[in-house]
Amino acid sequence: DTAVSQTPKYLVTQMGNDKSIKCEQNLGHDTMYWYKQDSKKFLKIMFSYNNKELIINETVPNRFSPKSPDKAHLNLHINSLELGDSAVYFCASRQGTNTEAFFGQGTRLTVV
Amino acid sequence: AQSVTQLDSQVPVFEEAPVELRCNYSSSVSVYLFWYVQYPNQGLQLLLKYLSGSTLVESINGFEAEFNKSQTSFHLRKPSVHISDTAEYFCAVSDHGDYKLSFGAGTTVTVRA
């Protein structure tokens, strides 16, 4: 039973398109995150929601828009995709601030 | 705001040899510290964590890390590595009371026979 699941696992799309990545966690956690891992493996936090409220919004182009319909789901919508958006995007969840985060398997986005 | 520095980007090591991965953090408050492992084409898995209590923490597969507050470090060690330990290792830090979890740049461990 997957704790944090992301769909799709792979996404290949053309420049200029709009795409969404979905994330669901069944751990009952109150906080969810989106991270971007670039080709050098560096993990950069993008957004975080706590109980459906945006609490972390790092320096990310406004083409990226997260949405949390409930505390178990956090989706990421990307408009006008660019070549530089190619990366692996990870969703994570966490309960409170004094515990570890649990990660999904990642979505490999390739923009051509 | 917290930050993490992993001092080694790549660590090649022979099977059954010891390995140490260095991690230093910067924060003005108390912190929680984590080591995650990422196998090829997979997500991140927690290896071990320091939340409070004993400064030496261990994982079930033989890794250990020691929190050193004076040196602001959380180095990861294993006395004898296996081929299967080949992976990317990430150190992460979170300030007490802060939802932000920040990662180091990662250390690639390659174990050779």
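Higher on the page you've got the structure.
Residues numbered from 1 in each chain as written. Chains lettered and ligands numbered in written order. Predicted model: local features only at pLDDT ≥ 70, side-chain atom pairs only at ≥ 80, totals over all residues. Heavy atoms only, no water.

## Comments concerning the overall build of chain B
- Helix and strand content of chain B: zero helices and twelve strands.
- Listing the helices and strands of chain B from first to last along the sequence gives β-β-β-β-β-β-β-β-β-β-β-β.
- Here the C-alpha atoms of chain B give a radius of gyration of 14 Å, agreeing with the 13 Å that 2.2 N^0.38 yields for 113 residues.
- Across the 113 residues in chain B, those meeting the buried criterion constitute 47%.
- Contacts spanning at least 24 positions in sequence make up 57% of the contacts within chain B whose residues lie at least 6 apart.
- Once the 7 positive and 11 negative side-chain charges of chain B are each reduced to a mean point, those two points are 4 Å apart. (Helix = DSSP H or I, 4+ residues; strand = E, 2+ residues; numbered from the N terminus. Rg over C-alpha atoms; globule rule 2.2 N^0.38 Å. Buried < 20%, exposed > 50% of the residue type's maximum accessible area, 1.4 Å probe, protein only. Contact = heavy atoms within 4.5 Å. Lys, Arg positive; Asp, Glu negative; His and termini not counted. Charge placed at Lys NZ, Arg CZ, Asp CG, Glu CD.)

## Quick notes on the interface of chain A and chain B
- Contact with chain A, which involves 25 residues of that partner, is made by 22 residues of chain B.
- Here chain A and chain B share an interface that buries about 2,000 Å² over both sides, 57% of which is from carbon and sulfur atoms.
- By the criterion of area lost to chain B, the three top residues of chain A are Leu43, Thr97 and Glu100 of chain A, representing 26% of everything that side buries.
- At the junction of chain A with chain B, the criterion picks out two salt bridges.
- Among the ionic pairs, Glu100 of chain A bridges to Lys49 of chain B, the shortest N-O distance being 2.8 Å.
- Scanning the region where chain A abuts chain B turns up nine residue pairs in polar contact (both at pLDDT 80 or more).
- Breaking the side of chain A that touches chain B down by element, the ones donating at least two residues are β4 (31–37), β5 (43–50), β6 (53–57) and β9 (87–94) of chain A.
- Sorting elements by how many residues they give to the side of chain A that touches chain B places β4 of chain A first, with four residues. (Buried area = accessible area lost by both parts, 1.4 Å probe. Salt bridge = Lys/Arg side-chain N within 4 Å of Asp/Glu carboxyl O. Polar contact = N/O pair within 3.5 Å; in protein donor to acceptor, adjacent residues only side chain to side chain.)

## Digging into the side chain of Asn50 of chain A
- Mapped onto the elements, Asn50 of chain A comes out in strand β5.
- Other than its neighbours up to four places away in sequence, Asn50 of chain A contacts Asp30, Thr31 and Ile55 of chain A together with Tyr99 of chain B.

## Focus: the pairing of strand β7 (residues 64–70) of chain A
Residues and elements named next belong to chain A.
- Note: β7 against strand β8 (residues 73–78), five bridges, orientation antiparallel. The residue bridging Asp70 from the neighbouring strand is His73, located in β8.
- Linking β7 back to β8 in an antiparallel pair, the connection comprises two residues. (Pairing = 2+ DSSP bridges.)

## So, the sheet that holds β8 of chain A
Residue and element names in this part refer to chain A.
- Within the open sheet, the four strands sit side by side as β1-β3-β8-β7. Their pairing is antiparallel. At either end of the open sheet lies a strand with only one pairing partner, and these are β1 (4–7) and β7. Ignoring which end each strand starts from, the neighbouring axes of this sheet average 20° apart.
- The sheet contact formed by strand β3 (residues 19–25) and β8 spans four bridges and is antiparallel. Among the inter-strand pairings, Ile21 is bridged to a residue of β8, identified as Leu76. (Axes fitted to C-alpha atoms, helices over the stretch in contact; angles between N-to-C directions.)

## Here's the deal with the state of the cysteines
- In this structure the tally under the stated criterion is two disulfides over all chains.
- In this model Cys23 of chain A forms its disulfide with Cys91 of chain A; the gap between the sulfur atoms is 1.9 Å. For the disulfide bridge between Cys23 of chain A and Cys91 of chain A, the dihedral angle about the S-S bond is near -80°, and by the sign convention the bridge is left-handed. In this pair, Cys23 of chain A sits in strand β3 while Cys91 of chain A sits in strand β9, placing the two residues 68 residues apart along the sequence. Across the pair, exposure class does not vary: Cys23 of chain A and Cys91 of chain A are buried alike.
- In this model, Cys23 of chain B is linked to Cys91 of chain B through a disulfide, with the two sulfur atoms separated by 1.9 Å. Residues Cys23 of chain B and Cys91 of chain B are joined by a disulfide whose S-S torsion is about -65°; by sign, that bridge is left-handed. Of this pair, Cys23 of chain B sits in strand β4 (residues 23–26) while Cys91 of chain B is found in strand β10 (residues 87–95), placing the two residues 68 residues apart along the sequence. As far as the burial class goes, Cys23 of chain B and Cys91 of chain B line up, both buried. (Disulfide = S-S within 2.5 Å.)

## Looking at unusual backbone geometry
Residue and element names in this part refer to chain A.
- For the bond from Thr7 to Pro8, the omega torsion is -5°, close enough to zero to count as cis.
- As for its placement among the helices and strands, Pro8 is situated in the loop between β1 and β2 (10–13).
- Its identity as a non-glycine residue notwithstanding, Asn51 has a phi of 50°, on the positive side.
- Topologically, Asn51 is positioned in the loop between β5 and β6.

## Some remarks on the nonpolar core
- Judged by nonpolar contacts, the single largest core of 27 residues is most densely connected at Trp35, Leu48, Phe74, Leu76 and Tyr89 of chain B.
- Within the second largest apolar cluster, 20 residues are counted, among which are Val4, Val60, Cys91 and Leu109 of chain A. (Core = buried A, V, L, I, M, F, W, Y, C linked by side-chain atoms within 4.5 Å.)

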